[in-house]
Amino acid sequence: MKTSPEERRITERMQPGVLSRDGFLGEDRRSLGEIIDADRSSVLTLGFDQATLAARLQEILEAAMEGMGAPVRVGLHLEAVYRESMGRIPCPFGDGARFPKGEVELTDTSCSETLRFTPLSVHMIAAHGFFQGRGSRYRISPHALARVLGPRG
Ligand SMILES: [Zn+2]
């Protein structure tokens, strides 16, 4: 697949040390377009849609932020805690959006599965369908997300 200049610029901003220390692509060798396409079809195969997943993550994010560092129940088996961090980070897609740097740890207490995400993660899923590259600290695989936010949520 041919990479557009736009996609190349975004990919450069996603490298480690540009906007964040670890970058957004992990050890993923696929192109940005391939990562987004593969996750889009996983989401559909799982019977979800990106908007619904992102909206649920946004609710969890807001509830966790209100907890100000204390764990908050966000579902029958779900607990979320927000860890604040100094500063703000711009979206690597270059749309001018900026987000606080903290992270949410979301734990499914029935199986101890934990997902980590940031305000920027939620924006990138909602606005760009980007769940981050494999091996990235904040990658949320659609499968893990569907497991945790599934009917039991
Ligand atoms: Zn954006």
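Residues numbered from 1 in each chain as written. Predicted model: local features only at pLDDT ≥ 70, side-chain atom pairs only at ≥ 80, totals over all residues. Heavy atoms only, no water.

1. A closer look at unusual backbone geometry
Right, on to step 1. With a phi close to 65°, Ser112 is a non-glycine residue in the positive phi region.
Right, on to step 2. Tracing the chain through its elements places Ser112 in the loop between strand 5 (103-108) and strand 6 (113-117).
Right, on to step 3. Here Gln132, not a glycine, exhibits a phi torsion of approximately 80°, which is positive.
Right, on to step 4. Along the chain, the position of Gln132 falls in the loop between helix 4 (119-128) and helix 5 (142-148).
Right, on to step 5. Since its relative accessible area comes to 3%, Gln132 is described here as buried. (Helix = DSSP H or I, 4+ residues; strand = E, 2+ residues; numbered from the N terminus. Buried < 20%, exposed > 50% of the residue type's maximum accessible area, 1.4 Å probe, protein only.)

2. Observations concerning the environment of Glu79
Right, on to step 1. Residue placement: Glu79 occurs in strand 2 (residues 78-83).
Right, on to step 2. When its relative accessible area of 33% is taken as the criterion, Glu79 is described as partly exposed.
Right, on to step 3. Sequence separation of Glu79 and Thr114 is 35 residues, and the distance between their C-alpha atoms is 9.5 Å.
Right, on to step 4. With sequence-adjacent residues up to four places away left out, Glu79 is seen in contact with Pro71, Val72, Val74, Glu105, Leu106, Thr107 and Thr109. (Contact = heavy atoms within 4.5 Å.)

3. Regarding helix 2 (residues 32-45)
Right, on to step 1. The terminal C-alpha atoms of helix 2 lie 20 Å apart, and with 14 residues this matches the ideal 20 Å at 1.5 Å per residue to within 8%.
Right, on to step 2. Buried within helix 2 are the following residues: Leu32, Gly33, Ile35, Ile36, Asp39, Ser42 and Val43.
Right, on to step 3. Buried residues belonging to helix 2 abut helix 1 (5-13), helix 3 (50-66), helix 4 and helix 5.
Right, on to step 4. Just downstream of helix 2 lies Gly47, where phi reads positive at about 80°. (Expected span 1.5 Å × (residues − 1).)

4. Some details on the environment of Tyr82
Right, on to step 1. If you trace the backbone, Tyr82 turns up in strand 2.
Right, on to step 2. Relative accessible area serves as the criterion here: at 8%, Tyr82 is assigned to the buried category.
Right, on to step 3. Apart from residues lying up to four places away in sequence, Tyr82 is in contact with Leu61, Ala64, Met65, Gly69, Pro100, Gly102, Glu103, Val104 and Pro119.
Right, on to step 4. At 3.4 Å, the side chain of Tyr82 and the backbone nitrogen of Gly102 are in polar contact. (Polar contact = N/O pair within 3.5 Å; in protein donor to acceptor, adjacent residues only side chain to side chain.)

5. Quick word on the nonpolar core
Right, on to step 1. In terms of nonpolar packing, the biggest core is built from 24 residues, with Leu57, Ile60, Val104, Leu106, Phe117, Leu145 and Leu149 touching the most fellow members.
Right, on to step 2. Elements with a contribution of two residues or more to this core: helix 3, strand 1 (72-75), strand 2, strand 5, strand 6, helix 4 and helix 5.
Right, on to step 3. Per-element accounting of this core gives the leading share, six residues, to helix 3.
Right, on to step 4. Contact partners of Leu145, with chain neighbours within four places excluded, come to Leu53, Leu57, Leu115, Phe131, Ile140 and Gly150.
Right, on to step 5. Within the second largest apolar cluster, 15 residues are counted, among which are Leu25, Ile35, Phe93 and Leu120. (Core = buried A, V, L, I, M, F, W, Y, C linked by side-chain atoms within 4.5 Å.)

6. Structural notes on the coordination of the zinc ion
Right, on to step 1. Coordination sphere of the zinc ion, protein contribution only: Cys91 (SG), Asp95 (OD), His123 (NE2) and His128 (NE2), at 1.9 to 2.3 Å.
Right, on to step 2. Of note is the zinc ion, whose four donor atoms meet at the metal with angles of 100 to 127° in an arrangement that counts as tetrahedral. (Donors = N, O, S within 2.8 Å, 3.2 Å for Na, K, Ca; no water. Tetrahedral: all angles 85-135°; square planar, octahedral: opposite > 155°, others 65-115°.)

7. Observations regarding the pairing of strand 2
Right, on to step 1. Where strand 1 and strand 2 come together, three bridges link them in antiparallel fashion. Within strand 2, the position partnered with Val72 by the bridge is Ala80.
Right, on to step 2. Adjacent in sequence and paired antiparallel, strand 1 and strand 2 are bridged by two residues.
Right, on to step 3. In this sheet, strand 5 lies alongside strand 2 in antiparallel orientation, the contact comprising six bridges. Residue pairing across strands places Ala80 opposite Leu106, the latter belonging to strand 5. (Pairing = 2+ DSSP bridges.)

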